Each structure stands twice: as structure tokens, then as C-alpha cells.
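Fold and geometry: a report
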Amino acid sequence: NTRDLLTSENYVDWKTLIEMIPVQAIPNHMFARLDEQSFTDVTQAWGLETPGFSNGSAYGDLDLDGDLDLVINNLGGPPMIFRNRATDHFHDRHSLQIELEGIPPNTQAVGTQISAWHDSRLWYIEQQPVRGFQSSVDPVLHLGLGDRIETLDSLVVRWPNSATTLYESVTTDQRLQLQEPPASPRANDGIQVIPTPLLIPLDADSIGLDWQHIENVFSDFDQQPMLFHMRSTEGPAICKGDLNRDGREDLYLGGARGQSGAIFVQTDQGSFDRIAQTVLAEDAASEDVDCEWLDVDADGDQDLYVASGSSEFPGSSSALVDRLYINNGTTTLERGESFMHLAARGFDPTSVVCSADFDGDGDLDLFQGTRLVPFAYGLPATSRLLLNDGSGLFTDATSRLAPDLESIGLVTDAACADFDGDDEPDILISGEWMKLTLLINDRGMLTPVNTELQNTSGWWQSVLATDLDEDGDLDFVAGNHGLNSRFKPPVEVWISDFDRNGRVEQIFARTIDGLQFPWHLRHDLVEQLPHLVRTFPTYASYAGATVQDIFSDEELDRAVHLQVTELRSMIGINDGAGSFTLIPGPEELQLSPVYGLADLHTSQGHVILAGGNLHEVKPEAGRYDASYGTALRSPTMESLNWHESGFFVEGQVRQILTLEANNRTLVIVARNNDRLRVFAHAQ
């Protein structure tokens, strides 16, 4: 074969190998942000479709007309220069060019940070002209300002030597020439660059929260190779309650597999002390994904329910059993009722638990959401309604009072609250490959309603109920996959045991021109389904194959077929009777999957805090890490920038919690495989 002809044990025929590489000039691509949500391919519209062998590009105002021109370098050919005619076509648009002179040897003032303000709007740019190996753009900075901005309120320049210069009432459509001043403390006098943000970061250790989530090593792809996302990294759990009845809010932090949960009791100084609990250490084998403090036995103190989840356990593992810990009144937890009796057909991983008095008998019942069927992702899982007898003993009332929870799907989160104003708690459920589902409570019977939510099938990860418009009823924010990935709706999946070996496979597909093409690379597909090698012996034979070409009608009819039509995170505004108007969240809420949501009450109204990201993703899909935390001010739900909110969080956010500590509000962010992030509300 070709490999044997070109290579031997100690030899490679590089010349022949290079000559075999196809040579075909192709055009570059230009994407323009024409709206606030996405980028559009404008290659042909902007005249950039000329094919070539491009190896680099740079931009700058070559003709000094106020817009950026483009230079493209080509291998083995002349460069291409594209003149920008934006100033000829858009006379109402304005810009500002800034030429910096730095103190030698940094004569171009590399590292300078510039903030431009007009009303409450901020533009930000840094002097960093280097672009790749031995390449650079024009060191003259260019700020595009849009329509009708003829004068900036202020321009704040932070120089590399730490000096700061303020310029006020700056006229646009000019080239400013600015010189770095000598470093001097006086250079910053009188300049209020950034107002005090809403949240001030705190060192978690300084208030006693010296805890870190330690994720165990496990790969979902070893068990289920056809998946693109892992579901074994959805902890930690975090919840607040008053363990010792001193009127202060304490914390439970749930660990990963092999890491026991931890309880931190708040002191009268607003810090926290960790207290040992033997019973928690005994259950370290489970992975904690959710928790709730509640008084299950009506004795006046709060008990603890911990949900055991993750996709890494088989259905036979007792590590998937949820745990109830009873507070004996002395800050010591004892093991409560075992939920082993619920596992008649094996154990299921829980994703969420929430409590309410669903049957109106005066005690707290439980909704127990199931994440998935172990090692069979995509098959619909059954969630449960558990009724309390008043003493902390629970019975499964799903088939009798909430039959729609049977095989409801892959539940990720839920909010138990009164959405229709009848003083009975309802349940709003989110899930993957599921529509947002509202179960309305009618004298103990929970029934799905609401046509507005019928077309919301998505990859929902979180839901938060709160009164966003302050009209007395509960609205919601729902975190979805977002718009910043290769997956665009509609996304479809077929789940079945295609090779009849006793284990299911998932075939993901996207739609192009009305046809469903598999997302999977050929080598991944044939490794899982070896019989397809005969049908598709080469990558070329596989390249144009649809799902219907690969599998027979009988095979597809036998499979569970699911579809996603909505990937945007959404806001639902309640009309007071449990019907919702759905509004897509702002762009910042669509940058990454949203796992954590919290409502921060401020003197100026509600601020919704959101966070997410998922790193454990197949390489061909790319990890999702574009979110650094989002703050939305209600009722407009406009996003606050980081200077206003102070809410900046790296990593994989899983839950966000607000609590009161020593007359101030803390925001605690729980991140997967990381330490806590803590903020204090700047009141």
C-alpha cells in the first residue's frame, strides 16, 4: 500500500509524500457581527472571495480615511490588499484612532489599556499589535463607535508604567497622538475610573471556607464512546440551612466520588467553622450533585437531603442511592430513612431534589429528578414524587399523583414553587432533549400544562424561579446549552442497540438541506459498529452518507428518536396564571452552557447571576469555556459589564448561592474540581 511505498523502518520519502498532498487554492472567510447574537459570513458580500494560499494577514488604515484596510500574505504569490470603503458608504458611523508614544525602550507603549465612555456605554482596547509569528497589525489603535457618537464623554488611558491619564469631551473621527507621562502618584489624582462594583471578591479562606471540590478521574467516553459531552462532572452540590438553630445560615458542600461532603457552621463574626460528621465520611463513595436542608420530621430543626448522581456508576451501585441525614438537635447528623426501597429495577442517578408540601398535609414532600439511565444515555428516565408521612418516612406516589414523571426524560434541574397563584406548589422541570415542563398542582395531582413551553426542546441545564418584574407572581430564568458551539438546532439523536451486543449507542445528527448527517467521525463510528466497515471502507465513501444511508428504516424505527429545537437560554415572564411569555436571554447568557443561577436582592432590584462552562467535551466539539459569569439586572434583564457587577468567575460553575453573614450578603460560587469563589455585596 501507499504507506509501505513511502516509509520503512528508518526512512520516509518526504519529497514524494509532499508531492501527493492536494494543491487547491481556497478563499479565506470574513465574519461580521451584524447583530448582537451572532456572526454572519460576509466573504462574498465584502469582496474577499479570491482564492489563494494565505499564510498571514494584518490590518491598518493604509489610506488614512478612517477605516481599517486589510493585507493578506500568500505563499508563492503576491500579497492581496483590500481597500475598506466603509467611510464611503456609512457616513453616520464614527471612529477614533489613537497613536501612542511610549517611554523607551517601549516606544509603542505596548500593554496600554484604553477605556472610552459615552453615557453608560464602555469601549475597551489594548495596545497589543503582535499577531502570530513575525506578524503585526498597525500599532495605531482603532475604536469603531457606531452611529451618532460625535463626542466621547471621557477617555481613560492606563499606561505601561502604571500612570493614568484622563481626557474629557473627546471629539471622534480624528487621530489622537498621546504621549506616555512619567510615572507619578499624581497622575492618578482625581480620576474615578471605575465605580464601586456590585460585588467585591473575597478570599474564601479568610472567612473559613477553605474547601475544594476534587473531581475523581473518570471518562464517560470509555463507557459510551458515541457521546460528545461528559455527565460525570456535574458537582459539587451546595445548599444553605440552619444546622444549630442559632438564626445564622450554615453550608453543606457536596464532594465528588471518593470525597465526603462538608458542613460549615457560621459564626457570630460571619465566618465559618467546619465541623466533622462521621456519617458523611461513611458515604464518600457517592458523588453529591444536589442537596437541600429541610425539616422532614417536624421537630423544629433542619435535616439534610443529599442527592447522589453522576454517570459513572452502573445501575447496580448503591452509591447512587440518595441520603437523608436527620438532625438530632446537637449539630450531629444521623442516618435517616434509606431510599433503597425505591430501586425495584436498579438505581438511578439523581440530578435535583426540591421540597414542598405537594399534598397539602402540612409536611414537606420531595421531587426527585433523575438525570439519566446508567450507561444508556438518551433513554428516558423516570423521576419521582415522594410523599412524607410527617415523620421523615417517604413513599413513592409518582404513578398515583404524577404519572407524567414516568419516563419523562433526562432531568437536570427543577423549581418547586407556586406558579399559577393558587397557593399549591407546582414543579418547573428542565432537562436535556426535553422541553421545559411545568407540572401544575391541582389538589395534589401534578399535570403538565402550558402550550407556550411546547416548542422548547433543548439541552436545558438549570432553572431559577423568581419574580423578575415584581408583579407578585413567579417568573423564571432557564439555562440552556447556548449558541456558542458547533451544535445548531435542529440536533437529533437515535438511541438503540444497533449492533445487538446488549449496550446502546447514540447516533447524533445535524440537518443540512433537509437531510440528516451524522456528527460522528468515521473512525469513531466504525470502531463502535464494526460491521459498517464493509459499507464505508474509506472516509470518502462516508463523507456524504446520511443517517438513513447508514441505517435501515427498521433500525431507525426501533430506536428512541429525540430532537432539540431550542438552544438559547431563556427568560419566562408569568402572566399570573402560569402562562409564560418567553424571551431569549442576552448575548452574554448564550456564550456557554449555564449550570448555575442565583437571585441577588439589591436596593435597586433583582440581579440574576449566572455561570457555567463544560470542559469535558470531545475534541471535535471543543470545550465550552467562554463564560466568566453573567449578571443581569431585572426587569430589563440587560447584562451588567464586569466593571459594574464585579462578578468575574473562571472555571466550571455548577451552582451559585446567596446567603446572609454578619449583616452582609455573600455570593458563593461552587465550581467543579476547583475552590470556591466568594463575593460580598457592596451595599
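Please read all numbers here as calculations on a predicted model, not as lab measurements. The residue count restarts for each chain, going from 1 along the sequence in the order it is written. Side-chain atom pairs in this predicted model are given and counted only at pLDDT of 80 or more, local residue features only at pLDDT of at least 70, and totals for whole chains, interfaces and linings cover all residues. As a rule here, side-chain values come from all non-hydrogen atoms in the structure, and water together with hydrogens is ignored.

Concerning the overall build of the protein
Helix and strand counts for the protein come out as 11 helices and 47 strands. The principal-axis extents of the C-alpha atoms in the protein amount to approximately 80 × 75 × 55 Å. Split into buried and exposed, the 683 residues of the protein put 51% on the buried side. Throughout, a contact is declared for two residues whenever any of their heavy atoms are within 4.5 Å. Partitioning the intrachain contacts of the protein with sequence separation of at least 6 by distance along the chain shows that 54% fall at a separation of at least 24. In the form shown here, the protein has an accessible surface area of approximately 31,600 Å², with 50% of it arising from carbon and sulfur atoms. Only DSSP runs of H or I reaching four residues or more are called helices, and only runs of E reaching two or more are called strands; each is numbered from the N terminus. To sort residues, take the accessible area from a 1.4 Å probe on protein chains only and compare it with the maximum for the residue type: under 20% means buried, over 50% means exposed, and anything in between is partly exposed. With residues, only the protein chains shown are counted as cover, and all accessible areas are computed by Shrake-Rupley using a 1.4 Å probe.

Details of the environment of D361
Counting through the fold element by element, D361 comes out in the loop between β24 (350-356) and β25 (365-370). Sequence spacing of D361 and L387 is 26 residues, and the spatial spacing of their C-alpha atoms is 9.8 Å. Polar contact criterion, stated in full: a pair of N or O atoms within 3.5 Å, where within protein one must be able to donate a hydrogen and the other to accept it, and residues adjacent in sequence count only if both atoms are side-chain atoms. Of note is the side chain of D361, whose polar atom sits 3.3 Å from the backbone nitrogen of D363.

Some remarks on the domain arrangement of the protein
In terms of domain boundaries, the protein breaks down into domain 1 (88-179), domain 2 (233-411), domain 3 (466-483 + 566-682) and domain 4 (491-564). The gap between the C-alpha centroids of domain 2 and domain 3 is 24 Å. Interface area for domain 2 against domain 3, summed over the two sides, is near 1,400 Å², with a carbon-plus-sulfur share of 58%. As a working definition, buried area equals the accessible area (1.4 Å probe) given up by two parts on being put together, with both sides summed. Among the residues of domain 2 in contact with domain 3, T233, P236 and I238 are the three that bury the most area, contributing 39% of the side total. We count a salt bridge whenever a side-chain nitrogen from Lys or Arg sits within 4 Å of a carboxyl oxygen from Asp or Glu. Between the two partners, domain 2 and domain 3, sit 0 salt bridges. Seen at the junction of domain 2 and domain 3, the total is 9 residue pairs in polar contact (both at pLDDT 80 or more). Per-element accounting of the side of domain 2 that touches domain 3 gives the leading share, 3 residues, to strand β16 (residues 238-241). As a working rule, the residues Ala, Val, Leu, Ile, Met, Phe, Trp, Tyr, Cys and Pro are called nonpolar, Asp, Glu, Lys and Arg charged, and the rest polar, with Gly in that last group. Here the side of domain 2 that touches domain 3 is composed, by residue class, of 8 nonpolar, 5 polar and 5 charged. Domain delimitation in this document rests on an assignment produced automatically or drawn from a domain database.

As for the layout of surface pockets
Summary: where empty space remains is shown by rolling a probe the size of a single water molecule over the atoms. Definitions used for this entry: grid spacing 1 Å over protein atoms alone; cavity, a set of points where a 1.4 Å probe fits but cannot get out; pocket, an open set with protein on both sides within 12 Å along at least 5 of 7 lines; lining residue, one with an atom within 4 Å of a point. Grid points are joined across faces, edges and corners, and a volume is the space filled by probe spheres set on the points. Of the volumes computed, that of the second largest pocket is approximately 1,100 Å³. At the level of elements, β16, β20 (288-294), β24, β28 (410-417), β33 (462-466), β41 (594-602) and β45 (653-661) are the ones that each hand at least two residues to the lining of the second largest pocket. Taken together, the residues that form the lining of the second largest pocket break down as 20 nonpolar, 11 polar and 8 charged. Two domains each put at least three residues into the lining of the second largest pocket: domain 2 (233-411) and domain 3 (466-483 + 566-682).

Brief notes about the state of the cysteines
Disulfide: a covalent bond connecting the sulfur atoms of a pair of cysteines. Throughout, disulfides are identified as pairs of cysteine sulfur atoms within 2.5 Å of each other. Within the structure shown, the criterion is met by 2 disulfides. Between C239 and C291 runs a disulfide, and the two sulfur atoms are separated by 2.3 Å. Disulfide C239 to C291: torsion about the S-S bond roughly -125°, handedness left-handed. Pair noted here: C239 is in strand β16 and C291 is in strand β20, with a separation of 52 residues, a long-range link. Grouping residues by exposure puts C239 and C291 together as buried.

Some thoughts on the packing of aromatic side chains
Within 6.5 Å between ring centres, the rings of Phe, Tyr and Trp (the latter by its six-membered ring) count as paired, and their orientation is classed by plane angle as stacked under 30 degrees, edge-to-face over 60, tilted in between. The full count for this structure, using the stated rule, is 16 aromatic pairs. Consider the rings of Y305 and F339, whose centres lie 5.4 Å apart with planes at 75°: the pair is edge-to-face. Residue Y305 is located in strand β21 (residues 303-308), and its partner F339 is located in the loop between β23 (333-335) and β24; the two are separated by 34 residues in the primary sequence. You'll find Y305 and F339 in the same group, each marked buried. The interplanar angle of 80° and the centroid separation of 5.8 Å between the aromatic rings of F536 and Y542 together place this pair among those described as edge-to-face. Accessibility assignment for this pair places F536 and Y542 in one class, buried. Aromatic ring contacts, followed pair by pair, group F228, W433, W459, F487, F508 and W519 into a single cluster.

Section: the sheet that holds β20
Pairing is antiparallel in the open sheet, where 4 strands are placed in the order β20-β21-β22-β23. The sheet is open, and its two edges are formed by β20 and β23, each paired on a single side. Strand-to-strand twist across the sheet, computed as the mean angle between neighbouring axes with direction ignored, equals 25°. DSSP-based pairing: two strands are paired if at least 2 bridges between them are found. The pairing of β21 with strand β22 (residues 323-327) spans 3 bridges and is antiparallel. Axes here mean lines fitted to C-alpha atoms, for a helix over just the part in contact, with angles spanning 0 to 180 degrees between N-to-C directions.

Digging into the nonpolar core
Only buried Ala, Val, Leu, Ile, Met, Phe, Trp, Tyr and Cys residues count toward a nonpolar core, and they belong to the same one when joined by side-chain atoms within 4.5 Å. Residues Y377, W433, W459, F487, V491 and F508 are the most contacted members of the largest nonpolar core, which totals 25 residues. Listed by contribution, the elements that provide at least two residues to this core are β35 (491-496) and β38 (560-564). Top element by residues in this core is β35. It accounts for 3 residues. If we ignore the near neighbours within four places in the chain, the residues touching W459 are H229, G431, E432, W433, N480, H481, F487, V491, V564, E566 and L567.

Re the pairing of strand β6 (residues 69-74)
In terms of strand pairing, strand β5 (residues 54-60) meets β6 through 6 bridges, oriented antiparallel. Among the inter-strand pairings, Y59 is bridged to a residue of β6, identified as L70. Between the antiparallel neighbours β6 and strand β7 (residues 80-82) lie 5 residues, among them G76 with a positive phi of about 70°.

Digging into the pattern of salt bridges
Within the structure shown, the criterion is met by 24 salt bridges. Two residues, E432 and R231, come together in a salt bridge whose shortest N-O distance is 3.2 Å. A residue pair is termed long-range when its members are at least 10 positions apart, and E432 in strand β29 (residues 426-434) and R231 in the loop between α4 (220-223) and β16 qualify at 201 residues. For the pair E432 and R231, a shared accessibility class is recorded, and that class is buried. Residues D396 and R384 are paired through a salt bridge, measuring 3.6 Å at the closest nitrogen-oxygen approach. Of this pair, D396 sits in strand β27 (residues 394-396) while R384 sits in strand β26 (residues 384-388), and the two are 12 residues apart along the sequence. One continuous salt-bridge network, built from bridges that share partners, spans E282, D283, D288, R323 and R335.

Some details on the sheet that holds β24
Strand order in this open sheet of 4 strands is β24-β25-β26-β27, and the pairing throughout is antiparallel. Two strands close off the open sheet at either side, each with one partner strand: β24 and β27. Across the sheet, the mean angle from the axis of one strand to that of its neighbour is 25°, orientation sign disregarded.

Thoughts on empty space enclosed by the protein
Scanning all chains against the criterion turns up 5 cavities of 30 Å³ or more. Taken as a whole, the largest cavity spans an internal volume of roughly 120 Å³. Residue lining of the largest cavity: 14 residues in total, with L320, L342, D348, Q368 and R384 positioned closest to the centre. When grouped by side-chain class, the residues that make up the lining of the largest cavity number 7 nonpolar, 4 polar and 3 charged. Roughly 80 Å³ of internal volume is contained in the second largest cavity. Lining the second largest cavity are 13 residues, with H229, E432, Q461, Y595 and L614 positioned closest to its centre. Here the residues of the lining of the second largest cavity sort into 6 nonpolar, 3 polar and 4 charged.

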